[in-house]
Amino acid sequence: MNTKIAIDRLRLSFGKNQILKNITINVYKNTITGFMGPSGSGKSTIISVINRMIDFEDNVEIHGKVSIDGINILDESCSPVILRRRVGTVFAVPIPLPRSIFENIAYGPRLQGISGRTELHRIVEGSLKKAYLWDEVKDRLSTSALKLSGGQQQRLCLARTLALKPEIILLDEPCSGLDPISTAKIEDALNQLKSEYTIVLVSNNTKQIARITDFAAFFYMGTLIEYNTTDKVFTTPMEKQTEDYIQGKFG
Amino acid sequence: MRRINPRFIDKIVQIVFNMQAFFTVSILIVIVAIIFIKGFPYVNPEFIFASPEDMGRHGGIFPSIAGTIQLALLSILFATPLGVGTAIFLTEYTRESTFTKLIRFGVESLAGIPSILYGLFGFIFFVIKLKMGWSLLAGVLTITIMILPTIIRTSEEAIRSVPRQLRIVSYSLSATKWETIKKVVLPAAAPGILTGIMLSIGRAVGETAAVIFTMGSSLRLPLSIMDSGRTMAVHFYILAREGISMEKAYGTALVLVLSILSINVLAYYVMHRAISKYS
Amino acid sequence: MIEKALLKERFVKWVLIAFALSSLLFLFLIFIFILAEGLPLFLKVGVGNIIGGFKWAPTRGSFGIFPMIVSSFLVTIGALAIGAPMGLSCAIYLSEYSGKKTQMLLKPALELLAGIPSVVYGFLGVIYIVPLVRNYLGGSGFSLLSTSIILGVMILPTIISISFDALISVPKTYREGSFAMGATKWQTIYKVILPSAKSGILASFILGMGRAIGETMAVIMIAGNALKIPGSILDPLRTLTGNIALELSYASGDHRLGLFSTGVVLMVIIMILNYIANFGIKRKIAK
């Protein structure tokens, strides 16, 4: 299996607060990898390093290496703007831009210089279909995205990320505010998508991790406790802490 | 002697405050009412569209209306990019530092300078030293500086009130900072910025001291930016001060006040709609 | 494509820095040019002879502006004496007594009136206030009193708006605590709300003063512009701003420089007032 993201001895602190302590982990191509752990475990912070959204925080100090296809993205020479075309992100709370459904999806492609109406339309339709939203919105693409329900908004955000044609999709607790039906739709979409993308799913929902991921990593207090195929992590965990977490004893 | 019942005092105080507020509001209503009632008979299409004759004793005020519009629009044209740009810089491109404090100090100081000092400065700098003479251009440049602080402050407030999450989403979709500002921040902040622009137009329209010493008071319509001209406010001032014609003065005052009030009402309306949209 | 966007990014940043610096540049220019024109006369005639001098006869070498400095302060204090109690009580009414609906309607309406040009106030003063003063109190009517009344009304929107903001930002718990101890509404306002909004209210007065002392067109229309310290509130007077506006259009040579010296003095006074107002507001925020 090919390594897509290689994180090597990543340490990160906010001021004096060390959030990540020497994380080393490889994420493989065309898989869904789940990052789980209680809040404060650092799982979301790792995501924000991979897409360099961490740049917008103050007082951050980062050491170590994060490589995508063997190239260190923490290097000075790596432009975060270019990086974010390859690494798409879906946040915990769906945040549509205050414009139409169509324009939300077309936002990324337009930034990449695509302006032909037919091509944009093709991208919008394709992305919405992959995110299992097309049938619900195809007749009202020009209405405001803010009018969609929470579950639809989150799928819109997924579609918007797909429209970037990224290689990697990071999802930061994408279903935390959603009902079970919307959650199921997103999970279905992710299962279809992994053949084309490398997906990292951060979630506090162990059942979700068990359902749809191929690999699972358990983080606790900024440390990687356990990382293995999802089957092994959930059936025969090596560490006591992992077992306790999976069984819901804390977290 | 028994103490007076505090509840009784409370009632009295309440009545006093009600009356006081009523009185204050009445004064201000009376001011507007006088202008409307006294000016109304003299305002007609001829008054609006004709040129003044005999120093303004007869005829209309068309050149001064045109002069006012020219001055206000050109000043806005200069001040808006400068002001909005400054606001963008202060909110998006820096953290609070000595540099931003210095710029804020500059903006605050400009806001506190009375208009006669702008007139004094515009006169010596644009009219005399830069040899523009009394001209539309000198007036526009002076008013541009004068309204700049208003535009900066309202724009900054509007830009700050755009939710941070929208920026984050835009960045995550691979936008650069400028793309994010252009496509997400400015559209969301537009109503607030527009409010500031309209308030500034109102100020430019009503200004006299800073205009009369820079743009001059020629009665003719300025046909180039190097021509002198007069705004409605200046025309009104000259009519009233030199006792040329009370009728024309009242008429001009009505047109002047009506334009400013409607610009300001529009500004508040835009702001109010923007606020209710977000909450 | 992407390189273009990143290049633009850097270009835009520099443009914006230049824009931001423009405010400072303008301030600097205003400062420098008024000082450059105004200071030489101070050196030539002497600071004391200008600031402390009683005689303004610029074509004959006398540049005393002491009466104007005093007059500027007098009209400002007069304006405050009229505008401050009216404005503050109006703000108290709006924040404490009026219903939400009245508040929503009146506050913007009062702020709109701040937009009425000062020439209009001056004109109405000449037509209505000046004859009133002349007929009932005597003198020409062009007087300290008339000027103070008009300026007092002119600064109302400033005072109402800013003290209202100060009053409304007093935490609700303060009010509730006071009511809970059995205080009446007036006692609560007087003992709790006004003291905690004090610095904001003070700032509104100082900003009102700044507006009054800098006001020009309304003042020259109603003040009478006499060149001496007024002996009573019915006497005419000339302010620093009035002095500049009355003579700038025809002054030349040392006479013009004298007007710039007047401007320098005005600028210094305004700077001091602004400093005090900012200081007051900052303290409020720090609290």
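Residues numbered from 1 in each chain as written. Chains lettered and ligands numbered in written order. Predicted model: local features only at pLDDT ≥ 70, side-chain atom pairs only at ≥ 80, totals over all residues. Heavy atoms only, no water.

### What to know about the overall build of chain B
Helix and strand content of chain B: eleven helices and two strands. Going residue by residue from the N terminus, the α and β elements of chain B occur as α-α-β-β-α-α-α-α-α-α-α-α-α. Each of the three principal axes of chain B carries a C-alpha extent, and together these read 75 × 65 × 35 Å. By residue count, 59% of the 279 residues in chain B fall in the buried class. Across chain B, every contact between residues at least 6 apart in sequence was considered, and the portion connecting residues at least 24 apart equals 72%. If you sum the accessible surface of chain B, you get close to 12,000 Å²; carbon and sulfur atoms cover 67% of it. (Helix = DSSP H or I, 4+ residues; strand = E, 2+ residues; numbered from the N terminus. Buried < 20%, exposed > 50% of the residue type's maximum accessible area, 1.4 Å probe, protein only. Contact = heavy atoms within 4.5 Å. Areas by Shrake-Rupley, 256 points an atom, 1.4 Å probe, with all protein chains shown as cover.)

### Describing the packing of aromatic side chains
Taken as a whole and assessed by the stated rule, the structure comprises 19 aromatic pairs over all chains. An angle of 15° between the planes, with centres 5.2 Å apart, marks the rings of F121 of chain B and F125 of chain B as stacked. Taken together, the residues F121 of chain B and F125 of chain B, both in helix α5 (residues 115–129) and four residues apart, mark about one turn of the helix. We classify F121 of chain B as buried; its relative accessible area is 0%. An aromatic cluster of three or more residues is present, and its members are F17 of chain B together with Y97, W186 and Y190 of chain C. (Phe/Tyr/Trp six-rings, centres within 6.5 Å; stacked < 30°, edge-to-face > 60°.)

### Focus: helix α1 (residues 6–39) of chain B
The end-to-end C-alpha distance of α1 of chain B is 49 Å, a good match for the 50 Å that 34 residues give at a rise of 1.5 Å each. Measuring from the side-chain oxygen of the N-cap residue of α1 of chain B to the backbone nitrogen of R7 of chain B gives 2.9 Å; that N-cap residue is N5 of chain B. (Expected span 1.5 Å × (residues − 1). Polar contact = N/O pair within 3.5 Å; in protein donor to acceptor, adjacent residues only side chain to side chain.)

### Comments concerning the environment of T142 of chain B
Residue and element names in this part refer to chain B. Position of T142 relative to the elements: it lies in helix α6 (residues 136–160). Spatially, the C-alpha atom of T142 lies 9.7 Å from that of S115, the residues being 27 residues apart in sequence. Setting aside residues up to four positions removed in sequence, T142 forms contacts with Y118, G122, F126, A210 and T214. At 2.7 Å, the side chain of T142 forms a polar contact with the backbone oxygen of A138.

### Comments concerning helix α6 (residues 150–162) of chain A
Residues and elements named next belong to chain A. With 13 residues, α6 extends 18 Å between its outermost C-alpha atoms, agreeing within 8% with the 18 Å of an ideal straight helix rising 1.5 Å per residue. Of all 13 residues in α6, twelve are buried; the element is thus mostly enclosed. Within the span of α6, buried status applies to G151, Q152, Q153, Q154, R155, L156, C157, L158, A159, R160, T161 and L162.

### Digging into the interface of chain B and chain C
It is common to report an interface's size as the accessible area lost on association of the parts. At the junction of the two partners, chain B supplies 77 residues and chain C supplies 73 residues. Residue K129 of chain B is joined to E37 of chain C by a salt bridge in which the shortest nitrogen-to-oxygen separation is 3.3 Å. Our count for the chain B to chain C interface comes out at nine residue pairs in polar contact (both at pLDDT 80 or more). For the side of chain B that touches chain C, the elements supplying multiple residues, two or more each, are α1, α3 (62–93), α4 (98–112), α5, α6, α8 (177–206), α10 (232–241) and α11 (246–278) of chain B. It is α1 of chain B that provides the largest number of residues to the side of chain B that touches chain C, a total of 20 residues. For the side of chain B that touches chain C, the residue count by class is 55 nonpolar, 14 polar and eight charged. (Salt bridge = Lys/Arg side-chain N within 4 Å of Asp/Glu carboxyl O. Nonpolar A, V, L, I, M, F, W, Y, C, P; charged D, E, K, R; others polar.)

### Side note on the domain arrangement of chain B
All names here are of chain B. When the domains of chain B are assigned, the result is domain 1 (6–42) and domain 2 (45–278). When each unit is reduced to the centre of its C-alpha atoms, the spacing between domain 1 and domain 2 is 31 Å. Overall, the association of domain 1 and domain 2 removes approximately 790 Å² of surface from exposure, summing both partners, and the carbon and sulfur fraction of that is 85%. On the domain 1 side of the contact with domain 2, I35, F36 and Y42 bury the most area, a combined 68% of that side's loss. For the pair domain 1 and domain 2, the number of links is zero salt bridges. (Domains from an automatic or database assignment. Buried area = accessible area lost by both parts, 1.4 Å probe.)

### Some remarks on the interface of chain B and chain A
With 17 residues of chain B at the interface, the matching set in chain A holds 21 residues. Three residues stand out in chain B for area buried against chain A, namely L173, S174 and K183 of chain B, and they jointly supply 34% of the buried area on that side. Here chain B is connected to chain A by two salt bridges. A salt bridge links R164 of chain B to E57 of chain A, with the nearest nitrogen and oxygen atoms 3.6 Å apart. Applying the counting criterion to the chain B and chain A interface returns four residue pairs in polar contact (both at pLDDT 80 or more). Elements supplying a minimum of two residues to the side of chain B that touches chain A: α7 (164–172) and α8 of chain B. Broken down by element, the side of chain B that touches chain A gets its largest block of residues, eight residues, from α7 of chain B.

### Examining the side chain of N104 of chain A
Residues and elements named next belong to chain A. If you trace the backbone, N104 turns up in helix α3 (residues 101–111). A residue is classified by how much of its surface remains accessible, and N104, at 0% relative accessible area, is buried. Here L97 takes part through its backbone nitrogen, which lies 2.9 Å from a polar atom of the side chain of N104. Residue contacts for N104: discarding those within four places in its chain leaves P96, L97, R99, A145, L156 and R160.

### Some remarks on the nonpolar core
If you look at soluble globular proteins, the nonpolar side chains tend to sit buried side by side. In terms of nonpolar packing, the biggest core is built from 194 residues, with F121 of chain B together with I34 of chain C touching the most fellow members. In terms of residue count, helix α3 (residues 66–97) of chain C provides more of this core than any other element does, 14 residues in total. The two domains that each donate at least three residues to this core are domain 1 (6–42) and domain 2 (45–278) of chain B. Those residues in contact with F121 of chain B, other than ones at most four positions away along the chain, are F126 and I145 of chain B together with L29, I30, F33 and I34 of chain C. Counting 36 residues, the second largest nonpolar core, distinct from the first, contains L133, V137, I169 and I199 of chain A. (Core = buried A, V, L, I, M, F, W, Y, C linked by side-chain atoms within 4.5 Å.)

### A word on a nonpolar patch on the surface
On the surface, I4, F8, I9, I12 and V16 of chain B cluster together into a nonpolar patch covering about 450 Å² of accessible area. For F8 of chain B, the position within the fold is in helix α1. (Patch = residues over 30% accessible without salt bridge, like charges linked within 9 Å, V, L, I, M, F, W, Y side chains within 5 Å.)

### Points about unusual backbone geometry
All names here are of chain A. In this model, Y132 sits at a positive phi of 60°, which is unusual for a non-glycine residue. Residue position: Y132 is located in the loop between α4 (117–130) and α5 (134–137). Even without glycine at this site, E173 takes up a positive phi of about 45°.

### Side note on the packing of α3 of chain A against α6 of chain A
Residue and element names in this part refer to chain A. Viewed as axis vectors pointing N to C, α3 and α6 meet at an angle of 35°, and their least axial separation amounts to 7 Å. The two elements α3 and α6 meet at a crossing, and its hand is right-handed. Here I101, N104 and I105 of α3 come into contact with α6, specifically with L156, A159 and R160. Partitioning the contact of α3 with α6 into residue classes produces four nonpolar, one polar and one charged. (Axes fitted to C-alpha atoms, helices over the stretch in contact; angles between N-to-C directions. Left-handed = near helix turned anticlockwise from the far one by under 90°.)

### A few points about the pairing of strand β9 (residues 215–220) of chain A
Residue and element names in this part refer to chain A. Burial analysis of β9 places five of its six residues in the buried class, which makes it a mostly covered element. Judged from the six bridges that link them, β9 and strand β10 (residues 223–229) form a sheet pairing that is antiparallel. Bridging from a neighbouring strand, A216 pairs with N228 of β10. Connecting β9 to the next strand, β10, in antiparallel fashion are two residues, including M221 with a positive phi near 55°. (Pairing = 2+ DSSP bridges.)

### Here we look at the environment of D235 of chain C
Residue and element names in this part refer to chain C. Among the structural elements, D235 can be located in the loop between α11 (217–222) and α12 (240–247). The exposure class of D235 is partly exposed, given its relative accessible area of 23%. Side-chain polar atoms of D235 contact the backbone nitrogen of G231, separated by 2.8 Å.

### With respect to the sheet that holds strand β4 (residues 60–68) of chain A
Residue and element names in this part refer to chain A. Spatially, the four strands line up as an open sheet ordered β2-β1-β4-β5, and their pairing is antiparallel. In this open sheet, the two edge strands, each paired with only one partner strand, are β2 (17–28) and β5 (71–72). One ladder, built from eight bridges, connects strand β1 (residues 3–14) with β4; its direction is antiparallel. Paired with A6 across the two strands is S67, which belongs to β4. Strands β1, β2 and β4 of the sheet are contacted by helix α1 (residues 43–50), whose axis makes an angle of about 115° with β1.

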